[in-house]
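Listed here are the chains, written in short residue letters.
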Amino acid sequence: MAGQRSRITRMGMVNGQPLIKELEEFTPPEIKKTMQETRGGSFIPGEIWVGLEKMNAKAKVKGANQELLSAFGMAPGDLCQFDVKESHQDEDGNKFAITYSCTGEITSVSESPSKMGELPDQELEMSVVAYKKTESGKTIYDIDRNAQILDLGQGDLMVEHRRNIGMA
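In what follows, the accompanying structure is described. Keep in mind the model is a prediction, meaning the values are calculated, not measured.

## Considering the overall build of the protein
When you go through the protein residue by residue, the secondary structure sums to two helices and eleven strands. Ordered by position from N to C terminus, the α and β elements of the protein give β-β-β-β-β-β-α-β-β-β-β-β-α. Radius of gyration (C-alpha) of the protein: 19 Å, far over the 15 Å computed for a compact globule of 168 residues. Its C-alpha atoms give the protein principal-axis dimensions of about 65 × 45 × 35 Å. Of note, the protein has its 20 positive side-chain charges centred 3 Å away from the centre of its 26 negative side-chain charges.

This is how it looks when you write it as structure tokens:
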């Protein structure tokens, strides 16, 4: 079994604007099931999966330019594309390509305090409608709210449901 991984390098793209040295941090969406309690005639309650919680992503950027920050002011309904590619290596020397792809709307831009001798940074927050994560080409997550796709690494759980309503 491979050991711990180290992130070796990464790059980001926001609406085609490359971020290499500027991308300080990236927080991918949290994938969390929404559960609802069931009881019926049962003495012991249970839970049933009824969906996913909404997804958000964050990125901290050093010295964002006007083109990048203009993604915040996009017209209502326009979606922003945020992609991050990373290269990892484990203790045994195995290399892994990790790709995050988020589609959504930038919901907030916060700027660091203006201090002399420090680099300015901005934190972008995004409300995510589509998210895909792969590792060396293998799907970890592929979630698309509008297309009703839900793949948590074991295949699309919504295929039959889309077919049942005439979407597939």
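## Comments concerning the environment of Pro45
Position of Pro45 relative to the elements: it lies in the loop between strand E4 (33–38) and strand E5 (46–52). The exposure class of Pro45 is partly exposed, given its relative accessible area of 40%. Through-space distance from the C-alpha of Pro45 to that of Leu150 is 27 Å; in sequence the pair is 105 residues apart.

## Things to note about the packing of aromatic side chains
What the rule picks out here adds up to three aromatic pairs. Aromatic rings pair up to connect Phe26, Phe82 and Tyr100 into one cluster.

## Points about the environment of Lys85
Considering the arrangement of structural elements, one finds Lys85 in strand E7 (residues 80–90). By relative accessible area, Lys85 is classed as exposed at 51%. As for Lys85 and Tyr131, which are separated by 46 residues in sequence, their C-alpha atoms are 14 Å apart. Aside from chain neighbours lying at most four places away, what touches Lys85 is Thr9, Arg10, Met11, Ile98 and Thr99.

## A few points about the environment of Cys102
For Cys102, the location among the structural elements is in strand E8 (residues 95–111). With 42 residues separating them along the chain, Cys102 and Asp144 place their C-alpha atoms 9.7 Å apart. Residue contacts for Cys102: discarding those within four places in its chain leaves Phe26, Pro29, Ala57, Cys80, Gln81, Phe82, Asp83, Met126, Val128, Ala130 and Tyr131.

## A word on the side chain of Glu86
Its location among the elements puts Glu86 in strand E7. Since its relative accessible area comes to 6%, Glu86 is described here as buried. A polar contact of 3.4 Å, which involves the side chain of Glu86, links it to the side chain of Arg10. With residues up to four places along the chain from it excluded, the contact list for Glu86 reads Arg7, Thr9, Arg10, Phe96, Ala97, Ile98 and Tyr100.

Conventions adopted
- Residues numbered from 1 in each chain as written.
- Predicted model: local features only at pLDDT ≥ 70, side-chain atom pairs only at ≥ 80, totals over all residues.
- Heavy atoms only, no water.
- Helix = DSSP H or I, 4+ residues; strand = E, 2+ residues; numbered from the N terminus.
- Rg over C-alpha atoms; globule rule 2.2 N^0.38 Å.
- Lys, Arg positive; Asp, Glu negative; His and termini not counted.
- Charge placed at Lys NZ, Arg CZ, Asp CG, Glu CD.
- Buried < 20%, exposed > 50% of the residue type's maximum accessible area, 1.4 Å probe, protein only.
- Phe/Tyr/Trp six-rings, centres within 6.5 Å; stacked < 30°, edge-to-face > 60°.
- Contact = heavy atoms within 4.5 Å.
- Polar contact = N/O pair within 3.5 Å; in protein donor to acceptor, adjacent residues only side chain to side chain.

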